[in-house]
Each structure stands twice: as structure tokens, then as C-alpha cells.
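Chains, contacts and geometry: an overview
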Amino acid sequence: MALQESPQLPDLSKYQALLIDDIPEMRSSSRIQLNDIGIQQCDTARNIKEAIDRISEKRYDLILSDYNLGQGADGQQLLELLRRRNQLPLTTVYLLITGETGYEQVSTAAEYAPDDYLIKPYTSYTLHTRLARIIDKKQTLKPVYQHLGPSGNKQKALEACDAVMASNPRYILDLTRIKGDVLLELKRFDEALALYQAMLAQRSTPWAEVGKARALIALEKEEEATAHLNRTLDAYPNYLAAYDLQAKLLEKTDKVAAQKLVERALKVAPSTQRQRQVGSLALENKDFTRAEEAFKRAVEKDKTGFFKSHDDYAGLAKSRMEQGKVDEALATIKEMGQSFRPSPELTVRQASVESLIHSKAGNEAAAKAALKKALDAGGSAASTDLSTSLELASACLAAGDEEHAQQIIHDVAADFQDNAAMMARVQAVYAEAGREEEGAAIIEQTRKEMIALNNNAVAMAQAGDLDKAAAMLDEAANRLQNNAQIALNAAILALRCVQQKGGSDELFAKAHRYIVQARRINPNIARLEDAMRLYAKLAPSTAPAMPTL
Amino acid sequence: MNPLVANTIHDIKNTMQVLVSALNQAQHENPSQDLSQALDATVRVGAQLVELLAIYRADQANLRLAIADHDLIDFCNDVCGELLLPKGQAERVKVDVSQAAMLGAWAFDAYQVKMTLQDALRNALRHSDGVVSLTVAPEPGGGIRFTVRDQGPGFPADILEGEQGTMQGSGSGLGLTFARLIAMHHNTPDGRSGRVELRNDDGALFSLVLP
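Residues numbered from 1 in each chain as written. Chains lettered and ligands numbered in written order. Predicted model: local features only at pLDDT ≥ 70, side-chain atom pairs only at ≥ 80, totals over all residues. Heavy atoms only, no water.

Things to note about the confidence of the model for chain B
Parts of the prediction with low pLDDT should not have their coordinates interpreted in detail. All names here are of chain B. The condition that has to hold: As a per-residue measure, pLDDT tells how confident the predictor is, with possible values from 0 to 100. Going along the chain from the N terminus, every DSSP run of H or I of four or more residues is numbered as a helix, and every run of E of two or more is numbered as a strand.
Per-residue confidence for chain B gives a mean pLDDT of 90, with 95% of residues at or over 70. Mean pLDDT across the elements of chain B ranges from a minimum in helix α6 (residues 157–160), with 84, to a maximum in strand β5 (residues 144–149), with 98. Across the predicted assembly, pTM comes out at 0.88 and ipTM at 0.90.

What to know about the pairing of strand β3 (residues 105–108) of chain B
The side chains of a regular strand alternate, first on one face of the sheet and then on the other. Residues and elements named next belong to chain B. Worth spelling out the cut-off: Exposure categories follow from relative accessible area, calculated using a 1.4 Å probe and restricted to protein chains: below 20% of the type maximum is buried, above 50% is exposed, and the middle band is partly exposed. By this definition, two strands are paired if DSSP reports at least two bridges between them.
Of the two faces of β3, the one carrying Ala-105 and Ala-107 and the one carrying Trp-106 and Phe-108 are both buried. As paired strands, strand β1 (residues 68–71) and β3 are joined by 4 bridges and run antiparallel to one another. Note on β3: the bridge partner recorded for Ala-68 is Phe-108.

Considerations on the environment of Arg527(A)
Note on placement: Arg527(A) falls in the loop between α25 (505–521) and α26 (528–538). The spacing of Arg527(A) and Ala420(A) is 107 residues in sequence and 19 Å in space, taken between C-alpha atoms.

As for the interface of chain B and chain A
Note: interface size is frequently given as the accessible area lost on complex formation between the parts. The test is simple: We call two residues in contact whenever any of their non-hydrogen atoms come within 4.5 Å of each other. For any pair of parts, buried area is found by adding up, for both, the accessible area (1.4 Å probe) each one loses once the two are put together. Whenever Lys or Arg places a side-chain nitrogen within 4 Å of a carboxyl oxygen from Asp or Glu, that contact is recorded as a salt bridge. Counted as a polar contact is a pair of N or O atoms within 3.5 Å, where, for protein atoms, one must be capable of donating a hydrogen and the other of accepting one, and residues adjacent in sequence contribute only when both atoms are in side chains. Each residue receives one of three labels: charged for Asp, Glu, Lys and Arg, nonpolar for Ala, Val, Leu, Ile, Met, Phe, Trp, Tyr, Cys and Pro, and polar for the others, Gly being one of them.
Contacts between chain B and chain A engage 39 residues on the former and 36 residues on the latter. Of all residues in chain B, Arg64(B), Tyr111(B) and Pro189(B) give up the largest surface area on contact with chain A, accounting jointly for 21% of the area buried on that side. Where chain B meets chain A, there are 5 salt bridges. Taken together, chain B and chain A are joined by 11 residue pairs in polar contact (both at pLDDT 80 or more). Listed by contribution, the elements that provide at least two residues to the side of chain B that touches chain A are α1 (3–29), α2 (33–59), β1, α3 (72–81), β2 (93–96), β3 and α5 (110–126) of chain B. Partitioning the side of chain B that touches chain A into residue classes produces 17 nonpolar, 10 polar and 12 charged.

Points about the pattern of salt bridges
Considering all chains together, one arrives at 48 salt bridges over all chains under this definition. A salt bridge links Arg130(A) to Asp116(A), with the nearest nitrogen and oxygen atoms 3.4 Å apart. Placement of the pair is Arg130(A) in helix α5 (residues 124–145) and Asp116(A) in strand β5 (residues 116–119), with a sequence separation of 14 residues. Three or more residues joined by partner-sharing salt bridges are found here, namely Asp116(A), Arg130(A), Arg133(A), Arg170(A), Asp71(B), Asp74(B) and Asp78(B).

Considering the packing of α5(A) against helix α7 (residues 172–185) of chain A
All names here are of chain A. Put simply, the test is: What counts as an axis is a line fitted to C-alpha atoms, over the stretch in contact for a helix, and the angles between N-to-C directions run from 0 to 180 degrees. Orientation labels follow simple angle bins: below 35 degrees gives roughly parallel, above 145 gives roughly antiparallel, 65 to 115 gives roughly perpendicular, and whatever is left gives oblique. Crossing handedness is defined as follows: a turn of the near helix away from the far one that is anticlockwise and smaller than a right angle gives a left-handed crossing, while the clockwise case is right-handed.
Interhelical geometry of α5 versus α7 gives an angle of 25 degrees and a closest axis separation of 11 Å. As the angle between them shows, α5 and α7 are arranged roughly parallel. Note that α5 runs across α7; the crossing there is right-handed. On α7, the residues that touch Lys-137, Leu-141, Val-144 and Tyr-145 of α5 are Asp-174, Leu-175 and Ile-178. When its residues are assigned to classes, the contact of α5 with α7 shows 5 nonpolar, no polar and 2 charged.

Section: the packing of aromatic side chains
How two aromatic rings sit relative to each other is set out by the distance from centre to centre and by the angle between their planes. The condition that has to hold: Pairing of aromatic rings covers Phe, Tyr and Trp, the last counted by its six-membered ring, and requires centre-to-centre distances within 6.5 Å; plane angles under 30 degrees mean stacked, over 60 mean edge-to-face, and any other angle means tilted. In this analysis the charged atom, NZ for Lys or CZ for Arg, is taken to sit over a ring once it is within 6 Å of the ring centre and within 35 degrees of the ring normal.
For the coordinates displayed, the defined rule picks out 7 aromatic pairs over all chains. Taking the centre distance of 5.9 Å and the plane angle of 80 degrees together, the rings of Phe108(B) and Phe146(B) count as edge-to-face. Remark: Phe146(B) occurs in strand β5 and Phe108(B) occurs in strand β3; sequence separation between them is 38 residues. Judged by its relative accessible area of 0%, Phe146(B) falls in the buried class. Above the ring of Tyr514(A), the side-chain terminus of Arg513(A) is found at 5.1 Å from the ring centroid.

Now the structure itself:
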């Protein structure tokens, strides 16, 4: 047969492979196939837990995982978990094995796709050719990969893309895709749009269609993006990234439509994360039966415990509470305590929801007792996560503890002031208690305080009292870990101190820390780049290096 | 189709896959003409069952395609390399990827398109002698065209006239129905769709055009 040669497979005798399958026969037949292609060193894992243990101990060159791993978990979820935890180097090959009825879920995975997938039954020949191609591709794209990641130099990544495209046009689509992502990250939205449009003029491909929509959204052409995503979903009804993006748009304007869309995505690929999303939207839409069903699935599907979160149990308890199923709601809270490792965060969350349930059922004393437990466990501390804080605030309102409710809403409003989506959730706490105006007043008061804080610091600095101004902003930036504006102002002030009084290790470390903090919270905040440039200009080579944009 | 029938087909298909693996292993260890023919027949039955299930899923509005980019040289090589043909047949298949490098990669469902083209290749091998070729080329006006060409007597007139039938000669017509279904499920946001074309030109030409 006149077959073209596949890329040569390198010597795999030193390759470290991990084989994950819950069925012993499959493990042994896959092991034989790996041996056939020259891989001798192969560890095995029977489930997610074993796999994570192995991967934590050792660096693998190849991970070959079955899609179905039992216990309600799958190889795609494992991949997502490993990527989120940064436990999977870009050089490691991740291959998924699926049946002929499950492959479309794997190949249309939205955010984290495996390097490739093999459909059963497959031969050693197929395994060999696929692996050779992936290794060739990873090797060819290495000059690009080294500039990707959070601390990479994105400009250099773009240059590397162009260089590899010129020398090796075989991977032009992969490189164009990376270029589009990088241009969007660099906020060069017009260029990104032009790149996607040029690609789409030649051929349609799902990622370029979604890329175009992302660029349109960034350019504030949301209507055009929505229409484009609708057409994309008509043509590619299984492309999950299109659902995710469209759902994000709809969540801002029409939560009922957003819920319907996520339900459609759930039919394409059932995942714990999408069940949770449907549950949350259904709760907001007061569709409590559906919310209960979705959260129940999220809780019950995952028997491994790696994928469910406090939110799933809290959501399930609240959806039951809203339907008057008090005993079931309380049982859910109890079960929540048995499903996670004990922590103050867990205690606060459990006790807050428990207090809400008792309040709703008219059990005042029990509500107050649970609320006390939540507050005693540190529930009003700034370190508490937003969902927990808001549930605690709701519990305070329901149990008549006005003082704590106001304090919590004030603190989170100060912290999340720049984040419109989070602020909408903050506003909802008082609104749901039928006291929208009171909530709005607290939020407005907090906004004014923040403006006053910034203005006072600026005035002090202008009057020459840099130290006092810096102390004020330092305190605020350290307290408000989610307020980008405060962090950025604290960084700029630290740099001004350097300019006026000379630099010190401490000042540069502080400026660096605040810039990184501001960028983490909101990479698009105005004047961030000015601050980064100023830092780069002033900082000596011994100071912490600034990740380039 | 009755769900019981569909479930049964699914079970038989899985059993056939076990059989394919066993025969493949046996052929690997002790090659023989009989094993080779048994393997060929089993692969064909397995493929037909997969096609039947796809048609069932389409009826239930549940046929899900996974559209992603695939390098066309690699893909054409896979289509032919994974055919599992009996001895003497594999040598008759030629792949022409001379235009594939220019096209690079294209977005389509590799699994279903592979099934379609392998079915067309097996049909062509069965109904002709001599070389059977698979080519891919750009389609004027946008899209790509896969063509399977043989040197046999060509498609019968009733097939060319569009009546439901087999790709060639007698049979159930499953292959062509499946091919048209898969073509039809390939769409683009600007409203273009895939299609199947059959014609005769010193042999039979089966084309799958994807948008």
C-alpha cells in the first residue's frame, strides 16, 4: 500500500507510561500493546485516586487512560483536574481511550482536550502512528510552548509561532489557534479578529468560529457575537466551547435562556461542573425542582470525591429548603459534613445553610444557634470565600442579625467592587430578603468609602506624606485581596516612593507583589501596563522579575 | 427502529469487536488465508452494525458528530492503514495525497468519515479488480472532496439515478444511506452541507464532499 511514512517513533524504551483503567483485562491488553511499540516501563492505576497518587510521585511521558473509570468518574475529568492543578507538563502525552459512543464527548471537550483519543478496538499500529505524530508535534511546537503559561513572554510566543509556521507549515492550524489565543490575551482584539476572519475565509472550523465570537465580545460587539454563536451552534451542535461562551453572555441578560442552553450542553457531555451550573441557574430562576435534580446528580455521580464541591451540597440543601423539604435539606447538610475533610470553611458553610433552613422553617432558636456556630467558626473573616460569605449574610438577615449582615456585605462589596458579576451576587442577598434598597445603600456607602480611601491616599502623597499614604493603601491592599484598583494604586505609590526616596528591596518586593495581585484580579484594569513598565524601568536586576505581557 | 433492536445491535457490535481483536491476534501469531478472510468478514459486519446504530441515532435526533481539525495526509493514511484487509487486497489500495499537503488540516468527524470511506473502499475492492484509489482534493467554491475510484464496471444505472440501493450491485443499501447521512450532518455556520456524489468514468467514482 502506498502509505506515506508516519513520523518516526523515537526510542521508547526509557519512556515512563501510566495506564489507567478500572477493568483488569483491559489493563493487560493495553499493556501488551504498549510493549508491542517498545514501551517497557509501564505503571498501572485502577481509579482516579491511584492515578493521582502515581502522578504526584513520578513524572510520566505518556498517560493512557480509559474514558470510563468507574465510580462516576472519567478520564476527561481526570485530565481537567490534572491541568487545573498544574500536574501535567505540556510535554506529557495524554491519550484517552473511548468506545465508539463516547468519543464525541472527548473530542469536543471545551477547555482541556487530550492530545488525542483512540476508539476501541484499536491496534498497536494505530497506537504507534498516533503516538509518533503527537511526539513529533510536541517536539515541533516546543519553541512556542516554552513561552506559553502564566509567566511566559507572549510576544515571544507570537514570534515563535511565525518562525515555526515558516519552517514547518504542517502545524499551521495549531499555530494559528495558539496565535489567536495569545492575541486575545494581549488584548490585541482587532488583530485577533482579523486572524480568525482570515482563517474562516478559507474554511470553517469550530475553534476559529468561537475565537471570532470571543474577539467580537472583547470589542464590545456582543449582539454580533451572539448571532455568530447561534449560527456556530447550529452547525456544530456538539462544540462545548460555543455553549460555554454563549451561556456566559446569556447569564448577563437572560438567566432562563442561559439555563436552557446549559441544559443542552449537558446533553452533549454530562459533567459535574455543568450540573452545578444548571443547579445554580435554576436556583436563581426559582426552578427549585430542577435545581434539586441537578445538584443531586452532581453529588451522587461523583463517588470519588475529587470533583464535587461545597457548592453542590449547599445548592442541594437550599433547593430542598425552598420546596419545604426541611428534613431532607438538613440531612443534606449533615451529609455534606461527612463528604469533605473538616475545615473552618466547611463548618461556616454548613452552619450558614443550616441556619437559613431553620429560619425558613420558623425555628428561630435553632436558626440562631446555627448562626452563632457559623460566626464562631470565623465566618465573617475576610478569608472566607464569596459564596460562603453571602450565604452567611443571608442567614444573618433571616435570623435578624442586622449588624453582622451589614458588616459582611460591606466587606465583600469593598473587596469585589470591580467585579460586576460578583457584585450582582452581593446585591442579590438583600434583594432576595425583599430589602433591595437597604442593600443598595450599603453597597453605595462602601463604594464612596473606597473612593475616599483612594483620594485621601493621593492627597496625602501629593502633600508629601508618602509614608502615611503608603501605609493606608498597604493595609487596604492586604485586606482586600480581590480589589484590583486598590492593589494597583498601592503598587504605583510604592514606585513613587522609589522615585522620590530611592529604591530598596522591600519597596520593589512590595510593588511587585501588588502588581501581580492587581493583574491576577483584573488583567484588563487601566494603567496596569503603565505600572508594569515603570517597575521594569526602575527595578534593578536583583529585584523580582516582572512577567511580561 | 425498536430500542430493543438497537440495544441488541449494540451488543452484537461489541461482541464482533472482541472477535476482531481475537482474529487479529490469531492472524498475527499464525497467519493463514482462512483467518484473513474470517477477519475481513468480521470487520465488515462490525462496520455495518456501527452504521446501523448511527442511522438509529440519527432517527432519534441523537447522532452526535465530533468536528475537529485533522491533518489530511495522516487521515488518508489512517483510512487505508486501518482497513484490516485480507492478504492480496491491501496491495491494491493506493492513496493519493498529493493535494493534501496544500490543504493541510480540515475540520470533520474523523471517525464517521473514516467509516464511510473504508466502506466505499471495501465495496470498490469487492466489485472490481485492479487498483482502488483514495484521493483528497480541494473542492471549487469551498470544501474538500474525498474520492474512491475503482477500475470495475461502474455503478448500475438505478444507483446513479439516485434510487436507494447499495453502493454497487446487490445488497441492503446501508453503506450509501450511511454515507449520505454522515455527509448531511457536516454543516458550516454559513449554511453549506456535505454531500455524496456517484458517477462512472472508466470505473466507479464515489465522492464525499465536505463543506
